[in-house]
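# Residue-level structural notes
The lines below spell out each chain.
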Amino acid sequence: MLISYTNLPLREPVDATPCPLNKSLASLISFLEGKVQEREKNDASVVAISLQSLLFRPANLSFRRTPTLLYLSLLVADECAASVRRSEPGFDGPYSLMDMKRIRRLSHSHTSPDPLKGEFEGEALPFSHHGKKNGSQISIPVFVLLICVVGVTLFVVTSGIHRSESIVTIATAGGGGGGEAKRVSLSRFRNGPINKHRTLGGLLATSGFDDQSCLSRYRTAFYRKNIPHKPSRYLIQKLRAHESLQKRCGPGTNSYRKAVNQLRSGQRSNFDQDCNYLVWISYSGLGNRILTVASAFLYSLLSNRVLLIDRGKDMDDLFCEPFPETSWLLPLDFPLTNTLPNFSITSPESYGNMIKNKVGVHKDNFIYLHLDHGYNDNDKLFFCEEDQKTIQNARWLMLRSDIYFVPSLFLNSLFKDELNQLFPEKDAVFHHLGRYLFHPTNAVWGLITRYYDSYLAKADEIVGIQVRVFEIDPGPFRHVLDQIISCTQNEGLLPQTVEHEIGPPATKQKSKAVLFTSLNMGYYEHIRSMYWESPTSTGEIVSVYQPSYEGYQQSERNKHNRKAWAEMYLLSLTDKLVTSGWSTFGYVAQGLGGLKPWIMFRPENRTVPNPPCRRDMSMEPCFHSPPFYDCQKKKGIDTGKLVPHVRHCDDITWGIKLVDEDTS
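The name given to the protein in an unreviewed UniProt entry is Fucosyltransferase 2, with the source organism recorded as Rhynchospora pubera. For the protein, the Subcellular location (unreviewed entry) comment in UniProt is given as "Golgi apparatus".

Structure (structure tokens):
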């Protein structure tokens, strides 16, 4: 048996200070390695156990998965006792469980047992002196073994092995050491995916990044449950090809410099014909910005353009670079940097005004795309097939938007086949694009992980409640509180409360953590008091938390946006989610988490809607301001009824959203 440390690329430990017992444990393992290798050189089986998680002592320990911990402890402890038995005069083995396993394999040919099921099920373990199986005979080695089992078990539990990803590998080897390995995952918590899923099913590139500069990129998987939505192979191939385009044509390259010189001069130049650009202009609140960047990125995929992001005041402070070995940030010396914030619906460079004024489009000029919620009919021609052919003639496109316009791209016949290949699941577009693009910077990731580990990690279930009130007065409002309680209790998301205490439960009480996000703390305080002052009808323990309460939206403040981004992300880590209709904050959370939320409808006349909420048909965001125009027939049409996978939203009846084609 070979016991070795493997340096798995796991999430950063909460406390990387070595535990007091580490030195002695390392010495034990080193001793065992030497002794075991001596007698296992020619053995047909090598067991490699990753004990990397023993080196750290993370916070927020719990005592789950005890059988697995006992198994690992038993292996180490058995070798400990075996080393004592070897020193006894006249003792000729077997020394340990692994010795017995080797002896049995030589006499009985069968496959190696699964270590998590127990190796000697139904057999008496050879713990007694001189290898006898007489349970009544107790010797010094047995006593030492028991001490080792207890001691190592306590060490393993207190060092928090369950909080890291440990791997048990059973390798059936021939003489050369080759063979097929069977890997058994010991998940760190919440049944998280094993290390091979760190790239989110292939969405993320496996190289080209400095891991320490963006801790969230490959650690996100350890905080999410297994999500059934897998990216298509075609999408993965398209992403790798686009990364190559960004690297070849992005900032710092000769192609980019030539394209910028052409933009500055307005004259033709000898530049790379494959390098075309889409510049996203930073505008609106954080939720809107995230949705529009995702929309712009999808359009850049479809039109084969390099996406460059106007950093505004804080985009580089909130999000890591998504593309390897290049930057998506628009360089500060870009010729139009000072002009970008001034583009509007009246700008002569807008596509709508170019159509109105019959200005031709060619490679030497740029087009401003005004896709704001207040855009006019000429601007909306962006979504028509013939107009797209014209727009593609421009080398540079400048985009200003505050809407998630992805659904209308699915109605364009030029993109139809490509989109069907990219997204077989139509309701998972933002889910895939969002997880690919938006990785919190280290400062924001610290806010997320510290809060999650401190308050949410131990709960059996996490319920997220996102409250956005579209009122001038700050509140809180009684009708909003009543709507929250009616929705969560009627839908079975939270238990009812009762007046009298219920007797002690026969089984362990289930715990629920409720994560509130709101600009006002009044709703959180009432719900928290309700579950503190009264017992629940189910016996469940309900804990209520709210990370911040800023009072009002402050989109231009850096700290405010850090907290907002952290809270969106925390909501995406919940098991069940309630959101407020019309809110892009909730759209981002549900999309990143792959969650179909319960939407609380927007109240009218300060009364609770009936019903107060409804389970959404899709986890996709809603396009609030879609065009109602048939480009072929050149007349008005209901774009929410053209194809099965584009329908009207539940929260905004004139909006449209993507749904799975099988949704009834």
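Moving on, there is more to tell.
Our next topic: the environment of histidine 229. In this fold, histidine 229 is placed in the loop between strand 4 (181-186) and helix 5 (233-249). Put simply, histidine 229 and histidine 432 are 203 residues apart on the chain and 8.4 Å apart in space, counted from C-alpha to C-alpha. A distance of 2.9 Å separates polar atoms of two side chains, one belonging to histidine 229 and the other to glutamate 425.

Let's shift gears to helix 15 (residues 478-490). With 13 residues, helix 15 should reach 18 Å at 1.5 Å per residue; the first-to-last C-alpha distance of 18 Å fits that figure. By the burial criterion, the buried members of helix 15 are His479, Val480, Leu481, Gln483, Ile484, Ile485, Cys487, Thr488 and Gln489. Phi turns positive one or two residues past the end of helix 15, at glycine 492, with a value near 75 degrees.

So, about the pairing of strand 11 (residues 541-545). Burial along strand 11 is one-sided: Val542 and Val544 are buried, while Ile541, Ser543 and Tyr545, pointing the other way, are not. A crossover links strand 10 (residues 511-517) with its parallel partner strand 11, the connecting element being helix 16 (residues 522-533), and its sense is right-handed.

What follows covers the pairing of strand 8 (residues 396-401). The element strand 8 is largely enclosed, with a buried count of 6 among its 6 residues. Burial along strand 8 is two-sided: Trp396, Met398 and Arg400 and Leu397, Leu399 and Ser401, pointing in opposite directions, are all buried. For strand 7 (residues 366-371) and strand 8, the ladder comprises 6 bridges, and the chain directions are parallel. Each bridged residue has a counterpart across the sheet, and for leucine 371 the counterpart in strand 8 is serine 401.

When you line up the elements, threonine 199 lands in the loop between strand 4 and helix 5. If sequence neighbours within four positions are ignored, threonine 199 has contacts with Leu204, Thr206 and Tyr218.

By size, the foremost hydrophobic cluster in this structure holds 96 residues, and its most contacted members are Leu298, Trp328, Phe438 and Trp565. Filtering out sequence-adjacent residues up to four positions away, phenylalanine 438 remains in contact with Ile290, Val293, Ala294, Phe319, Trp328, Phe430, Trp565 and Tyr569. One finds Val480, Tyr524, Val578 and Trp598 within the second-largest nonpolar core, a separate group that totals 24 residues.

On to the sheet that holds strand 5 (residues 277-280), then. With parallel pairing, 4 strands are arranged side by side in an open sheet as 6-5-8-7. Each end of this open sheet is capped by a strand with a single partner; those strands are strand 6 (306-309) and strand 7. On average, each strand axis in the sheet is inclined to that of its neighbour by 20 degrees, with strand direction left out of account. Here strand 5 runs beside strand 8; their pairing, made up of 4 bridges, is parallel. Looking across to strand 8, one finds that valine 279 is bridged to methionine 398. Across the sheet, helix 7 (residues 286-303) lies against strand 5, strand 6 and strand 8, angled at about 175 degrees from strand 5, the strand it touches most.

The subject of this paragraph is the sheet that holds strand 9 (residues 461-466). Taken in spatial order, the 6 strands of this open sheet run 11-10-9-12-13-14, and their pairing is mixed. What marks the edges here is a single partner per strand, and that holds for strand 11 and strand 14 (613-615). The sheet shows a mean angle of 20 degrees between the axes of neighbouring strands, taken without regard to direction. In this structure, strand 10 lies alongside strand 11, joined through 5 bridges in parallel fashion. Bridging from a neighbouring strand, leucine 515 pairs with tyrosine 545 of strand 11.

The next thing to look at is unusual backbone geometry. The linkage connecting asparagine 610 with the following residue, proline 611, adopts the cis geometry, with an omega of 0 degrees. Counting through the fold element by element, proline 611 comes out in the loop between strand 13 (598-600) and strand 14. Located in the positive-phi region is serine 284, a residue other than glycine, with phi close to 80 degrees. Of note, serine 284 is situated in the loop between strand 5 and helix 7.

Once that is clear, we can look at the environment of leucine 433. Its place among the elements puts leucine 433 in helix 13 (residues 429-437). The spacing of leucine 433 and leucine 291 is 142 residues in sequence and 9.9 Å in space, taken between C-alpha atoms. The contacts of leucine 433, once residues within four sequence positions are left out, are Ala294, Phe297, Leu298 and Phe423.

Here the structure, examined in full by the defined rule, presents 5 disulfides. In this model cysteine 214 forms its disulfide with cysteine 320; the gap between the sulfur atoms is 2.1 Å. Between cysteine 214 and cysteine 320 the sulfur-sulfur dihedral comes to about 95 degrees; the bridge is accordingly right-handed. Of this pair, cysteine 214 sits in the loop between strand 4 and helix 5 while cysteine 320 sits in the loop between helix 8 (315-318) and helix 9 (351-356), and the two are 106 residues apart along the sequence. As far as the burial class goes, cysteine 214 and cysteine 320 line up, both buried. Note on cysteine connectivity: cysteine 249 is disulfide-linked to cysteine 275, with sulfurs 1.9 Å apart. Taking the sign of the torsion about the S-S bond as the criterion, the disulfide between cysteine 249 and cysteine 275, at about -60 degrees, is left-handed. In this pair, cysteine 249 sits in helix 5 while cysteine 275 sits in the loop between helix 6 (254-265) and strand 5, placing the two residues 26 residues apart along the sequence. Its relative accessible area of 0% is what places cysteine 249 among the buried residues. If one numbers only the bonded cysteines of the protein, in the order they occur, the disulfide pattern is 1-4, 2-3, 5-9, 6-7, 8-10.

For the α-helix, the turn length of 3.6 residues means that residues three or four positions removed from each other point alike. Between its terminal C-alpha atoms helix 5 stretches 24 Å, which fits the 24 Å expected from 17 residues at 1.5 Å a residue. Listed in full, the buried residues belonging to helix 5 are Leu235, Ile236, Leu239, His242, Glu243, Leu245, Gln246 and Cys249. The inward-facing, buried residues of helix 5 abut helix 6, strand 5, helix 7, strand 6, helix 12 (416-422) and helix 13.

The subject of this paragraph is the packing of aromatic side chains. Any aromatic ring pair is given by two values, namely how distant the centres are and how the planes are angled relative to each other. Under the definition given, this model contains 27 aromatic pairs. Relative to phenylalanine 415, the ring of tyrosine 299 lies with its centre 6.4 Å away and its plane at 80 degrees, an arrangement referred to as edge-to-face. Note that tyrosine 299 is positioned in helix 7 and phenylalanine 415 in the loop between helix 11 (406-409) and helix 12, a separation of 116 residues in sequence. What makes tyrosine 299 buried here is its relative accessible area of 1%. Ring centres of tryptophan 445 and tyrosine 569 lie 5.9 Å apart, and the angle between their planes is 85 degrees; this geometry places the pair in the edge-to-face category. Remark: tyrosine 569 occurs in helix 17 (residues 558-572) and tryptophan 445 occurs in helix 14 (residues 442-456); sequence separation between them is 124 residues. For tryptophan 445, a relative accessible area of 6% puts it in the buried group.

The rules behind each value
- Residues numbered from 1 in each chain as written.
- Predicted model: local features only at pLDDT ≥ 70, side-chain atom pairs only at ≥ 80, totals over all residues.
- Heavy atoms only, no water.
- UniProt positions renumbered as here; feature names shortened; annotations may be inferred.
- Helix = DSSP H or I, 4+ residues; strand = E, 2+ residues; numbered from the N terminus.
- Polar contact = N/O pair within 3.5 Å; in protein donor to acceptor, adjacent residues only side chain to side chain.
- Expected span 1.5 Å × (residues − 1).
- Buried < 20%, exposed > 50% of the residue type's maximum accessible area, 1.4 Å probe, protein only.
- Right-handed = clockwise from strand over helix to strand, strands pointing away.
- Pairing = 2+ DSSP bridges.
- Contact = heavy atoms within 4.5 Å.
- Core = buried A, V, L, I, M, F, W, Y, C linked by side-chain atoms within 4.5 Å.
- Axes fitted to C-alpha atoms, helices over the stretch in contact; angles between N-to-C directions.
- Disulfide = S-S within 2.5 Å.
- Phe/Tyr/Trp six-rings, centres within 6.5 Å; stacked < 30°, edge-to-face > 60°.

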